[in-house]
Amino acid sequence: MPSLANAIPAATIVIMRPRGDGPPELLMVERAATLAFAGGALVFPGGRVDPGDHRLAERVPDLPRDEAAARVAAIRETLEETGLAIGFSGDPDLVAVMRQQLHAGAPFDTLLDDAGLELDLSILVPFARWRPEPTEEHGLSRIFDARFYLATLPPDAPAPTVDHSENVRLVWTSAADLLAEADAGRATIIYPTRRNLERLARFADFDAAVADAARHPVRVITPRVEQRDGRAWLCIPDDAGYPICAEPVAAAVRG
């Protein structure tokens, strides 16, 4: 059985854009149904932390190396998956070329250096960190130590576009609307996404989400199975800022 210490580092960004007549919308990407992890599910843009992310992290002395690398990864993966430049600014045509080059395997640090651009990692607000417990079903290859960050959509950002590789669709939606779609069987969301959407659904705007994050310092959330009245429930701590902390194992989508 793989250990929690060997979980794969990953990072994701909850990108929020204001909506004048209601709560903010969140950018979600739909993963291809053929993928082993969360196939067909709607998730926040993000992915694994790569060695190149650590090279860029070395340039940020005021953050722990793993934290800085995770923020770099979140920015890089968001660019790859959506075409959005979060944490740096550049001409839209240049950003589009950088995205193409990333898909072709070019190192992110080299692309930034060639373009004379620098990352502002402070724009990402730490929100959560999830590291599921390994199971015989999932094994090590499917266990991610995922950090979640909050960010606002830049005011001059172009419309995001899907990459048509790992992801097949982009959706702007409120947290409450996506939860309703999932409950109606029209969308798939995995357990960590559902819990985070439930938390995000309480916020009227980005500032409210940031204030909540400040009230609940990030700690690792590892869901545990508990027996309650003869039923197995997948549970998280009840003091980490989440309004719903348990779901029957039979109903939980675990990726």
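Structure: above.
Residues numbered from 1 in each chain as written. Predicted model: local features only at pLDDT ≥ 70, side-chain atom pairs only at ≥ 80, totals over all residues. Heavy atoms only, no water.

*Asks:* Please clarify how empty space enclosed by the protein should be interpreted in this entry.
*Replies:* It is a probe the size of a water molecule, rolled over the atoms, that shows where empty space is left. Counted under the stated rule, the structure contains one cavity of 30 Å³ or more. The computed volume of the largest cavity comes to approximately 50 Å³. As for the largest cavity, its lining consists of Met 16, Pro 23, Pro 24, Leu 26, Ser 174, Ala 175, Ala 176, Leu 200, Ala 201 and Phe 203. Secondary-structure elements contributing two or more residues to the lining of the largest cavity are strand S2 (22–31) and helix H5 (175–183). Sort the elements by how many residues they give to the lining of the largest cavity and S2 lands first, with three residues. (1 Å grid on protein atoms, 1.4 Å probe; cavity = no way out; pocket = protein on both sides within 12 Å on 5 of 7 lines; lining within 4 Å. Points joined across faces, edges and corners; volume = space filled by probe spheres on them. Helix = DSSP H or I, 4+ residues; strand = E, 2+ residues; numbered from the N terminus.)

*Asks:* Even after reading the chapter, I still don't get the nonpolar core, so can you show me in this structure?
*Replies:* Nonpolar side chains tend toward joint burial in soluble globular proteins. In this structure, Leu 26, Phe 44, Trp 130, Leu 150, Leu 197 and Leu 200 are the most contacted members of the largest nonpolar core, which totals 37 residues. Broken down by secondary-structure element, the contributors of at least two residues to this core are strand S1 (8–19), S2, strand S5 (125–130), strand S6 (144–152), H5, helix H6 (191–200) and helix H7 (206–215). Formed by 33 residues, the second largest nonpolar core is a distinct cluster that contains Ala 11, Ala 70, Val 72 and Leu 121. (Core = buried A, V, L, I, M, F, W, Y, C linked by side-chain atoms within 4.5 Å. Buried < 20%, exposed > 50% of the residue type's maximum accessible area, 1.4 Å probe, protein only.)

*Asks:* I tried to follow the packing of helix H2 (residues 65–82) against helix H3 (residues 92–103) on my own but got confused; where do I start?
*Replies:* The packing of two helices is summarised by the inter-axis angle and the distance between the axes. Contact pair H2 / H3: the axes reach a minimum separation of 9 Å and the direction vectors enclose 100 degrees. Between H2 and H3, the angle falls in the class roughly perpendicular. Across the interface between the two elements, Arg 76, Leu 79, Glu 80, Glu 81 and Thr 82 of H2 pack against Val 95, Met 98, Arg 99, Leu 102 and His 103 of H3. Classifying every residue of the contact of H2 with H3 gives four nonpolar, two polar and four charged. (Axes fitted to C-alpha atoms, helices over the stretch in contact; angles between N-to-C directions. Parallel < 35°, antiparallel > 145°, perpendicular 65-115°, else oblique. Contact = heavy atoms within 4.5 Å. Nonpolar A, V, L, I, M, F, W, Y, C, P; charged D, E, K, R; others polar.)

*Asks:* Please explain unusual backbone geometry as it appears in this structure.
*Replies:* Trans is the prevailing form of peptide bonds, just as negative phi is the prevailing case for residues other than glycine. Notably, His 164 is not glycine yet its phi reads approximately 55 degrees, a positive angle. Inspection of the secondary structure puts His 164 in the loop between S6 and strand S7 (167–173). For His 164, a relative accessible area of 64% translates into the label exposed. The residue Asp 229 is not glycine, and still its phi comes out positive at about 50 degrees. Mapped onto the elements, Asp 229 comes out in the loop between strand S9 (224–228) and strand S10 (231–235).

*Asks:* Just to check I follow, could you spell out the sheet that holds strand S11 (residues 246–248) for this structure?
*Replies:* Two orientations exist for strands paired in a sheet by backbone hydrogen bonds: parallel and antiparallel. Strand order in the open sheet made by the three strands is S9-S10-S11, with antiparallel pairing throughout. The open sheet terminates on both sides in strands that have one partner only, identified here as S9 and S11. Each strand of the sheet is rotated relative to its neighbour by a mean of 35 degrees, with strand direction disregarded. Two elements, S10 and S11, share three bridges in a ladder whose sense is antiparallel. Its bridge partner being in S11, Cys 235 is matched across the sheet by Ala 246. Of the strands in this sheet, S10 and S11 touch H6, which is tilted by about 135 degrees from S11. (Pairing = 2+ DSSP bridges.)

*Asks:* What's the story with helix H4 (residues 108–115) in this structure? I'm lost.
*Replies:* In an α-helix, one full turn covers 3.6 residues, which means residues spaced three or four apart are oriented alike. Within the sequence span of H4, burial applies to Phe 108, Asp 109, Leu 111 and Leu 112. For H4, the arc enclosing every buried residue in end-on projection is 160 degrees, short of the 170-degree limit, so these residues lie on one face. Once H4 ends, the next one or two residues include Gly 116, with phi positive near 70 degrees. (Arc of directions from axis to C-beta.)

*Asks:* So what exactly am I meant to see when it comes to the pairing of S6 here?
*Replies:* Both faces of the sheet carry side chains from a regular strand, because those side chains alternate between them. For S6, the buried fraction is high: eight of the nine residues fall into the buried class. Inspection of the sheet shows S1 paired to S6 by nine bridges, in the parallel sense. Considered in S6, the bridge of Met 16 is made with Thr 152. Inspection of the sheet shows S5 paired to S6 by five bridges, in the antiparallel sense. Bridge assignment links Trp 130 to a residue of S6, and that residue is Ala 146.

*Asks:* Which parts of the structure should I look at to understand the environment of Val 95?
*Replies:* Positionally, Val 95 belongs in helix H3. Looking at Val 95, the relative accessible area reads 5%, which means it is buried. With 123 residues separating them along the chain, Val 95 and Val 218 place their C-alpha atoms 31 Å apart. Those residues within four positions of Val 95 in sequence are excluded, and the remaining contacts are Leu 79, Gly 83, Ala 85, Phe 88 and Gly 90.

*Asks:* Sorry, what's going on with the layout of surface pockets here?
*Replies:* Roughly 870 Å³ of internal volume is contained in the largest pocket. Residue lining of the largest pocket: 42 residues in total, with Ala 10, Arg 31, Phe 37, Gly 47 and Phe 144 positioned closest to the centre. Taken together, the elements giving at least two residues each to the lining of the largest pocket come down to S1, S2, strand S4 (46–48), H2, S6 and H6. In terms of residue count, H2 provides more of the lining of the largest pocket than any other element does, four residues in total. Among the residues forming the lining of the largest pocket, the class breakdown is 19 nonpolar, eleven polar and twelve charged. Taken as a whole, the second largest pocket encloses approximately 380 Å³ of empty space. In this structure, the second largest pocket is lined by 23 residues; those nearest its centre are Gly 83, Ala 85, Val 95, Ala 157 and Pro 158. The element best represented in the lining of the second largest pocket is H3, accounting for four residues. Classifying every residue of the lining of the second largest pocket by side-chain character gives 13 nonpolar, seven polar and three charged.

Purely geometric numbers; function is a separate question.
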